[in-house]
Amino acid sequence: MEVEHKILELLGKPDYVPLNQQDLADALALNKRESKQFRRTLHSLLDDGLVAKVKRDRFVLPSDADLVSGTIKFRQSGRALLIPTSAPGEAPKALTILAEDTGVALHGDKVLVRLADEKYERKRRNQRRSRLSEDDTLARVVRILHRAHPTLTGTLKQSRMYHHVVPDDPRIIHDILVPPPEKSEVFPQPKEGDKVVVRLLEWKMRHLNPEGVITEVLGKTHEPGAEFKAILHKYKLDPNFPEAVMNEVADVPEEVRRRDAKGRLDLRKKLTLTIDPDDAKDFDDALSLEETANGGCRIGIHIADVSAYVKLGTALDKEAHARGNSTYLVGCVIPMLPQALSNGICSLVEAQDRLTKSVFLEFDRKGKLVKQDFANTVICSDKRLTYRQAYAFLTKDDFDEIRGTPLPPAHQTGSTGRALSELDDREMKAFQGAIRQFWKIASKLRADRMQKGSLDLDMTEVKIFVNEEGYADRIENIENDESHQLIEEFMLAANEAVAKALFDTKLPYISRVHDKPDPEKLQELRENMHLSGIACGDLTNRKEVTKLLQKIGEIEQNYTLKVQFLRSLKQACYRASNDGHYGLYKTFYAHFTSPIRRYADLIVHRIFDFYLHKKGLPSAPPRASMKYTKGDLDALADHISQTEQNSTEAERESVKIKLLEFYERELERKDKTAFPAIITDVKNHGLFIELTDSMAFGFVHVSTLDDLYQVTEDGTAIRGRRRGKRYELGQEIQVQVERVDRFKRQIDFRIVESGNRGSERKSATPKFPAKAKFQPKSEKAKSKQRKSDRGKSSRKQDSSRPKKKPTAKSDSRPPKKNTRKRRNR
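Computed from a predicted structure; not experimentally measured. (Residues numbered from 1 in each chain as written. Predicted model: local features only at pLDDT ≥ 70, side-chain atom pairs only at ≥ 80, totals over all residues. Heavy atoms only, no water.)

Examining the overall build of the chain
Under the convention used in this document: The helix and strand labels rest on DSSP assignments: H or I over at least four residues marks a helix, E over at least two residues marks a strand, and numbering proceeds from the N terminus. Computation of the radius of gyration draws on C-alpha atoms alone. For the globule rule, the value is 2.2 Å times the number of residues to the power 0.38. Whether two residues are in contact is decided by their heavy atoms, any of which lying within 4.5 Å being enough. Accessible areas in this description were obtained via Shrake-Rupley with a 1.4 Å probe; residue shielding takes into account the shown protein chains only.
Counting its regular elements, the chain contains 19 helices and 33 strands. Against the compact-globule benchmark of 28 Å for 825 residues, the chain has a radius of gyration of 29 Å, which places it among compact chains. The C-alpha extent of the chain, read off along each of the three principal axes, is 85 × 80 × 60 Å. The contacts in the chain between residues at least 6 apart in sequence include a share of 69% that link residues at least 24 apart. Carbon and sulfur atoms form 48% of the exposed surface of the chain, whose accessible area is close to 38700 Å².

Section: the packing of aromatic side chains
Under the convention used in this document: Paired rings are identified among Phe, Tyr and Trp, the last through its six-membered ring, by centres lying within 6.5 Å, and are further divided according to the angle between planes into stacked (under 30 degrees), edge-to-face (over 60) and tilted (the rest). Think of it in three bands: residues with accessible area under 20% of the maximum for their type are buried, residues over 50% are exposed, and the middle band is partly exposed, with areas taken using a 1.4 Å probe on protein chains only. When the NZ atom of lysine or the CZ atom of arginine is within 6 Å of a ring's centre and also within 35 degrees of its normal, the charge is said to sit over that ring.
Enumeration over the complete set of coordinates arrives at 11 aromatic pairs. Residues Tyr 663 and Phe 749 carry aromatic rings whose centres are separated by 5.9 Å and whose planes lie at 80 degrees to one another, so their mutual orientation is edge-to-face. Of this pair, Tyr 663 sits in helix α18 (residues 630-667) while Phe 749 is found in strand β33 (residues 746-752), placing the two residues 86 residues apart along the sequence. Phe 749 sits in the buried class, given a relative accessible area of 1%. Following the ring pairs from residue to residue traces out a cluster consisting of Phe 374, Phe 592, Phe 608 and Tyr 611. It is Arg 542 that lies over the ring of Tyr 582; its NZ or CZ is 4.5 Å from the centre.

Things to note about the sheet that holds strand β15 (residues 285-291)
The condition that has to hold: One bridge is not enough; two strands pair if DSSP finds at least two bridges between them. Only the stretch in contact is used when fitting a helix axis, every axis being a line fitted to C-alpha atoms; angles between N-to-C directions are given from 0 to 180 degrees.
If you trace the 7 strands from one edge of the open sheet to the other, you get β13-β20-β19-β16-β15-β14-β21, paired in mixed fashion. Of all strands in the sheet, those with a lone pairing partner are β13 (265-266) and β21 (383-386), marking the two edges. Summarising the sheet, β15 and strand β16 (residues 297-304) pair through 7 bridges and their orientation is antiparallel. Bridge assignment links Leu 287 to a residue of β16, and that residue is Ile 301. Sitting on the sheet, helix α10 (residues 387-395) touches β14 (272-276) and β21, and the angle it makes with β21 is about 90 degrees.

Observations regarding the nonpolar core
Cut-off, in case you're wondering: As used in this record, nonpolar core signifies buried Ala, Val, Leu, Ile, Met, Phe, Trp, Tyr and Cys residues forming a set joined through side-chain atoms within 4.5 Å.
By size, the foremost hydrophobic cluster in this structure holds 94 residues, and its most contacted members are Leu 341, Phe 374, Phe 438, Leu 486, Phe 490 and Tyr 599. Residues in contact with Leu 486, not counting those within four places in the same chain, are Ile 275, Leu 287, Ile 435, Phe 438, Trp 439 and Ala 442. By size, the runner-up hydrophobic cluster in this structure holds 37 residues, among which are Val 655, Ile 733, Val 737 and Ile 747.

A look at the sheet that holds strand β6 (residues 110-115)
Read from one edge of the open sheet, 5 strands run β5-β4-β3-β6-β7, paired in antiparallel fashion. With partners counted over all chains shown, the strands left at the sheet margins are β5 (95-97) and β7 (139-146), one partner each. Direction aside, the axes of adjacent strands within the sheet are offset by 40 degrees on average. Examined bridge by bridge, strand β3 (residues 67-74) and β6 share 5 bridges and lie antiparallel to one another. Bridge pairing in β6 places Thr 71 opposite Lys 110.

Some remarks on the side chain of Ser 307
Short version of the rule: Between N or O atoms, a polar contact is any pair within 3.5 Å; within protein, one atom must be a potential hydrogen donor and the other a potential acceptor, and residues adjacent in sequence are included only when both atoms are from side chains.
Tracing the backbone shows Ser 307 in the loop between β16 and α8 (315-323). Look at Ser 307 and you get buried, because its relative accessible area is 7%. One polar contact links Ser 307 to Asp 305, side chain to side chain, over a distance of 2.6 Å. For Ser 307, the contacting residues outside a window of four places in its chain are Lys 357, Leu 602, His 605, Arg 606 and Asp 609.

With respect to a positive patch on the surface
Note the following rule: Here the term patch refers to residues with relative accessible area over 30% and no salt bridge, with like charges joined within 9 Å and nonpolar side chains (Val, Leu, Ile, Met, Phe, Trp, Tyr) within 5 Å. Whenever a carboxyl oxygen of Asp or Glu lies within 4 Å of a side-chain nitrogen of Lys or Arg, that contact is scored as a salt bridge. Charge counting follows a simple rule: Lys and Arg are positive, Asp and Glu are negative, and His as well as the terminal groups are ignored. The location of each charge is read from NZ of Lys, CZ of Arg, CG of Asp or CD of Glu.
Together, Lys 55, Arg 56, Arg 114 and Arg 140 make up a positively charged patch on the protein surface. In this structure, Arg 114 sits in strand β6.

Notes on the packing of helix α17 (residues 599-615) against α18
Where we set the bar: If an angle is under 35 degrees, it is roughly parallel; if it is over 145, roughly antiparallel; if it lies from 65 to 115, roughly perpendicular; otherwise it is oblique.
Direction vectors running N to C along α17 and α18 enclose 155 degrees, while the axes themselves pass 10 Å from each other. Taken together, the axis directions place α17 and α18 in an arrangement best described as roughly antiparallel. In this structure, α17 uses Tyr 599, Ala 600, Ile 603 and Ile 607 to contact α18, whose residues at the interface are Leu 633, Leu 636 and Ile 640.

Re the confidence of the model for the chain
Low pLDDT means the predicted atomic positions in that stretch should not be read closely. Keep this limit in mind: What pLDDT conveys is the predictor's confidence in a given residue, as a value from 0 to 100.
Of all residues in the chain, 90% have pLDDT values of 70 or greater, and the mean over the chain is 87. Residue range residues 754-823 is modelled with pLDDT below 50. Its contacts to residues more than four positions away, or to other chains, number 174 contacts.

Considering the environment of Leu 24
Mapped onto the fold, Leu 24 is located in helix α2 (residues 21-28). When the C-alpha positions of Leu 24 and Arg 58 are compared, they lie 8.8 Å apart, and in sequence the two are 34 residues distant. Non-local contacts of Leu 24, meaning those with residues more than four positions away in its chain, are made with Leu 10, Leu 11, Tyr 16, Leu 19, Phe 38, Leu 42 and Phe 59.

So, in structure tokens, the structure goes:
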């Protein structure tokens with residue numbers, strides 16, 4: 001790091017003149033040890049794009065040569081954006097790269113680009129189809145610094161003259177030419193239609209397709225097993241663990257031993273419950289309730305003590321660190337920890353003793369927090385409840401009716417727990433009383449949090465369930481009801497309490513940070529909201545932000561609007577500094593409550609032990625030391641932020657694939673289902689829609705309609721020329737699946753007047769009636785809509801694939817969404 005600092009400092013001096021490698025080493029006057037590191041460090045900086053090489057092999061900072069390094073992100077049209085390399089917390093402006101200027105870059109590559117000069121930019125802007133805004137800054141790729149994916153997954157196809165692989169990612173717009181399967185050394189021999197892994201060869205000329213070699217056959221494309229393996233390969237996920245890790249796991253006890261519980265606060269006789277989703281694989285948090293003498297209550301928030309079994313520096317710890325977190329794909333989980341821990345000794349399953357770390361919050365009879373304590377504990381969960389069961393306890397009084405709440409299918413969860421029908425009235429009454437008391441306190445915590453300015457960013461969860469063969473079986477729409485909010489409030493409270501305690505004790509720790517949004521992004525959001533007919537004030541004022549969220553919440557189909565709002569905010573991350581959380585409006589916040597699935601929480605647990613020791617608390621471990629320096633935590637925070645992003649992208653892709661699979665199977669039905677939908681946007685070539693139940697996005701092409709339709713003058717509807725029929729923004733319609741393109745990842749629908757009203761959803765709670773629908777656009781919005789529609793080409797319907805993929809419009813692609821809703825704020 002010292003040599004790196006010296007190089008960057010020299011190159012950044014105002015009087016620096018570009019030097020070659022030898023002259024640069026001489027100018028730095030390095031000692032013997034530094035000289036050995038110099039060449040490796042310089043080329044590492046070059047690979048990372050922090051240093052650039054210009055004519056005669058001389059080195060400069062990229063900015064001195066109008067060069068910028070960053071990650072290239074493609075659209076299906078072939079155009080791309082460059083996300084510049086930046087320091088943590090910074091959000092540099094993205095650069096626009098036209099399709100013809102992307103060179104031999106592929107989606108996700110780290111590249112070096114040169115900013116376009118004024119003459120080139122003027123020329124491109126004058127082109128009719130450039131569709132560049134005044135804010136776009138153009139650049140051209142000049143060098144590939146690092147290939148994001150040396151190997152790709154895709155489908156093997158055969159044309160008349162050659163074989164090629166169609167990449168799974170539609171943003172990789174070039175097919176990969178491969179040798180004939182009979183020349184492949186892979187066993188079994190690949191066949192047309194197989195899902196394969198292809199290793200890319202060097203690609204030098206953009207006008208020719210890249211070439212590669214098939215290295216593995218994953219199965220028949222679009223079958224669940226092959227799609228699952230493709231996701232694992234793309235995101236470098238591994239459901240299996242190394243032998244060294246499993247050898248250590250073999251020594252982990254299957255149950256809590258007497259010596260393990262020694263010195264801990266024993267809470268095994270306290271009423272304790274877990275509340276989790278139907279398909280939860282592991283259980284890392286529980287709640288307990290005690291009444292206090294003053295008429296108040298003491299609520300214990302108990303978190304699985306993973307640190308008791310995963311010791312720093314062991315093979316188990318190194319593997320957990322490398323993974324960073326668990327990844328929740330549809331129908332399965334790629335765990336951070338082996339199953340013997342994640343679903344076994346660390347999971348707070350019903351009727352089993354478990355080691356935990358606990359936060360105790362004491363409230364008076366008015367629900368005011370008066371005291372908080374911390375301890376290492378041992379608990380025994382009395383009941384594993386699902387959110388449905390907890391909600392039934394909250395809203396129903398008849399025990400027999402509550403007992404009718406079903407258990408989740410055994411193949412979908414790590415533990416079903418006892419059926420409610422097995423409980424006697426005494427247990428039912430105790431559980432109901434505890435859950436209602438939990439909600440009484442949690443509802444006040446939530447109200448206080450919102451009143452202080454916390455943003456209500458909760459979104460309806462869309463969960464896809466699979467059958468035993470792995471196919472998407474049903475889609476369920478789950479409201480964020482009181483049972484979910486109950487758990488969330490106590491987890492937030494525990495996270496905040498631990499972070500504040502560590503900060504007050506001057507102990508370094510990893511915070512969960514959410515930086516303030518950029519004012520430019522908020523202004524852009526404000527303009528977009530006006531286009532949707534929603535008036536809002538200055539969004540740099542937090543009160544105006546909360547008002548806007550309230551208005552969005554009053555619209556029935558508001559998912560698209562909420563996605564726009566979320567995209568205007570910065571992404572939460574981990575940082576070894578206390579920089580606050582914008583969304584929650586909290587000064588102190590850390591992740592403490594999910595150590596089974598997040599390495600960040602495991603780190604905080606280890607520091608928590610030292611906190612107990614430093615405070616001299618009875619349950620503190622006898623020998624505890626601070627295991628991390630500030631530098632260690634900086635590196636760890638950066639690493640787990642990256643692994644979290646990788647998992648998020650894998651989860652999104654899993655959801656997209658299963659949605660396509662679900663609707664593709666709908667095409668095979670003899671009696672097609674009519675799905676309720678709402679029109680979210682109007683274009684001259686069709687209607688963009690959002691399905692009411694699954695919140696999936698799709699497109700209705702004008703060619704499927706019964707008349708020749710044109711966009712109205714105000715841009716809010718299309719009208720038939722002969723019959724005068726209208727389809728307008730916000731209108732509710734019934735649609736059937738028309739076409740599913742698994743390669744472009746698009747779903748087309750056709751409007752039906754009537755049909756089999758089959759529901760995709762089995763909601764945990766009833767859907768509340770709409771308070772408002774989309775409002776008409778302002779005159780300014782209408783004008784902007786008309787301009788944006790001019791020159792738009794109709795979306796291509798031909799799915800044939802030539803040597804080079806046809807340019808695919810990305811208009812119908814739904815916004816990114818993480819439908820796997822977990823406590824991950």
